[in-house]
Amino acid sequence: MANARLRTGLIRAGSVSLLLAASVFERAGAQEVRPTPTPVGQPPESEIYLAPLTGAGPTLKVGTPKNISNHPGYDNQPKFDTDGKSILYTRGDAASKTDIFRYDLLTAKSAPVKETAESEYSATPMPDGRGYGVIRVELDGTQRLWRMDPAKGKSDELLIPNIRPIGYFAFPEPQVAACFVLGRPATLQLINLATEEAKLIATNVGRSVQKIPGRPAASFVHKISADEWMIKEVDAKGAVKDVVRTPKGREDYAWLNDGTLVISSGSKILALKPGVDTEWREIGDFEALGLMDLSRLATHPRGDQIAIVASPK
């Protein structure tokens, strides 16, 4: 029994290494080496903050953030549910296992969506409304895209059996997934969920893959060189076009429904509306609150709240 527990612990720790390795290489802007499942210990500590968004265009501002995860360890990858009533996020435990939690905006309480033996990441509402797409790190270390059904007694569904390891994803159309696939280098691939036919879109890409509001397209960061990172758009058929350059070395962004982009940059959040603005502008700075290392962002469907990931002081 002790040996079995040890093996399980090593698998769980190794599963964390896949996503951590992606993060390390992305921040460096380097080509990635395919990670192997070896124990790396705890993922980095992080907390999720919720802040109001007010105004629009040149008056857009981020208000004072409040810590909503308030939990030692890893709390990351926030995503608002489709109905805007809750925030999905990834929470890690002391054994380096992760589960998907839901924070209820009305009650201000968190609870697991579904407790499983495996680790899950990157929860995203499915476009057909049936559960959540998640990256599941299976007990043998395999990392694939699943549908998690939170209904009691309902089984989860493996969406993409053969393409692996997938780290991040978005759905430009209900039957198409735009996926960040770990490799040497990491690639952005469009995958048909019915046939698993894959189309290579770009190489050396970043971790932030987002559905673009209002049209059948997703966006991603193409790391063209160490000095040029570009947010690009890909439609469900694979057509690609440039959107805007990111601030140097920055890749964690989100969309507002009006087409405005917001991106984290150190202690600041910046905004830009493609086709309207020519430069990123500051809409919030939280250095005075000790939030120096902002990363992932998510915005409420109404556009009046923003979830922010930050490392503790």
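Residues numbered from 1 in each chain as written. Predicted model: local features only at pLDDT ≥ 70, side-chain atom pairs only at ≥ 80, totals over all residues. Heavy atoms only, no water.

1. Side note on the overall build of the protein
For clarity, the threshold we go by: Here a strand is any run of E in DSSP of at least two residues, a helix any run of H or I of at least four, and the numbering for each starts at the N terminus. Relative accessible area decides the class of each residue, using a 1.4 Å probe on protein chains only: under 20% of the type maximum gives buried, over 50% gives exposed, and in between gives partly exposed. Note on definitions: a residue-residue contact is assigned when non-hydrogen atoms from the two residues lie within 4.5 Å. For the accessible areas, the method is Shrake-Rupley and the probe is 1.4 Å, while residue cover comes only from the protein chains on display.
In terms of helices and strands, the protein carries one helix and 25 strands. Burial statistics for the protein: of 313 residues in total, 56% are counted as buried. When contacts within the protein are restricted to residue pairs at least 6 apart in sequence, long-range pairs at least 24 apart make up 43% of them. A total accessible area of about 13,900 Å² is found for the protein, and carbon and sulfur atoms account for 52% of it.

2. Remarks on the sheet that holds strand S14 (residues 187–192)
How we decide: Whether two strands pair comes down to DSSP finding at least two bridges between them. The convention used is that axes are lines fitted to C-alpha atoms, helices contributing only their stretch in contact, and that angles between N-to-C directions extend from 0 to 180 degrees.
Ordered in space as S12-S13-S14-S15, the four strands form an open sheet in which the pairing is antiparallel. With partners counted over all chains shown, the strands left at the sheet margins are strand S12 (166–173) and strand S15 (198–203), one partner each. On average, adjacent strands in this sheet sit at an angle of 25 degrees to one another, irrespective of strand direction.

3. A few points about the sheet that holds strand S5 (residues 86–92)
By way of backbone hydrogen bonds, the strands of a sheet pair with one another, either parallel or antiparallel. With antiparallel pairing, four strands are arranged side by side in an open sheet as S4-S5-S6-S7. Edge strands, defined here as strands with exactly one partner in the open sheet, are strand S4 (75–80) and strand S7 (109–112). In this sheet, neighbouring strand axes are inclined to one another by 30 degrees on average, regardless of whether the strands run parallel or antiparallel. Across four bridges, strand S6 (residues 98–104) lies against S7 in antiparallel orientation. By the bridge assignment, Arg-102 is partnered in S7 with Ala-111.

4. Description of the environment of Ala-307
As for its placement among the helices and strands, Ala-307 is situated in strand S25 (residues 305–310). A C-alpha to C-alpha distance of 9.2 Å links Ala-307 and Ile-68, two positions 239 residues apart in sequence. Non-local contacts of Ala-307, meaning those with residues more than four positions away in its chain, are made with Ile-48, Tyr-49, Leu-50, Pro-78, Phe-80, Ile-87, Arg-296, Leu-297 and Ala-298.

5. Comments concerning the pattern of salt bridges
The cut-off we apply is this: What makes a salt bridge here is a side-chain nitrogen of Lys or Arg within 4 Å of a carboxyl oxygen of Asp or Glu, nothing more.
Evaluated as defined, the whole model comprises 19 salt bridges. We note a salt bridge from Lys-114 to Asp-156, for which the minimum N-O separation is 2.8 Å. Of the two residues, Lys-114 is situated in the loop between S7 and strand S8 (119–125) and Asp-156 in the loop between strand S10 (143–148) and strand S11 (157–158); the sequence distance between them amounts to 42 residues. In this structure, the salt-bridge partner of Glu-233 is Arg-215, at a minimum N-O distance of 2.7 Å.

6. A few points about the side chain of His-300
Our working rule: Pairs of N or O atoms within 3.5 Å make up the polar contacts considered here, provided that, within protein, one atom can donate a hydrogen while the other can accept it, and that residues adjacent in sequence are counted only when both atoms are side-chain atoms.
If you trace the backbone, His-300 turns up in the loop between strand S24 (294–299) and S25. Side-chain polar atoms of His-300 contact the backbone oxygen of Gly-84, separated by 2.8 Å. For His-300, the residues in contact, after removing those within four places along its chain, are Phe-80, Gly-84, Leu-105 and Gln-305.

7. Re the nonpolar core
Where we set the bar: Residues belong to one nonpolar core when they are buried, are Ala, Val, Leu, Ile, Met, Phe, Trp, Tyr or Cys, and are joined through side-chain atoms within 4.5 Å.
Ranked by internal contacts, the top residues of the largest apolar core, which has 18 residues, are Val-62, Val-262, Ile-269, Ile-306 and Ile-308. When residues of this core are traced back to their parent elements, those giving at least two are strand S1 (47–54), strand S22 (268–272), S24 and S25. Those residues in contact with Val-62 that lie beyond four places of it in its chain are Ala-51, Pro-52, Leu-53, Ile-269, Ile-283, Gly-284, Phe-286, Ile-306 and Ile-308. Core analysis: the second largest hydrophobic core is formed by 17 residues, Val-137, Leu-145, Ile-163 and Phe-171 among them.

8. Notes on the confidence of the model for the protein
Using the following cut-off: For every residue, the predictor assigns a confidence score, pLDDT, that lies between 0 and 100.
On average, residues of the protein score 88 in pLDDT, and 86% of them are at 70 or above. Low pLDDT, under 50, characterises residues 1–41; the predicted model gives this stretch 84 contacts beyond four residues in sequence or across chains.

9. Focus: the packing of aromatic side chains
Stated precisely, the cut-off is as follows: We call Phe, Tyr and Trp rings a pair once their centres come within 6.5 Å, taking the six-membered ring for Trp, and we label the pair stacked below 30 degrees between planes, edge-to-face above 60, and tilted otherwise.
This model, assessed by the stated rule, comprises three aromatic pairs. For the ring pair Tyr-168 and Phe-180, a centre distance of 5.1 Å and an interplane angle of 70 degrees mean the geometry is edge-to-face. Residue Tyr-168 is found in strand S12, and its partner Phe-180 is found in strand S13 (residues 176–181); the two are separated by 12 residues along the sequence. Exposure class is identical for Tyr-168 and Phe-180. Each is buried. Consider the rings of Phe-169 and Phe-171, whose centres lie 5.6 Å apart with planes at 65 degrees: the pair is edge-to-face.

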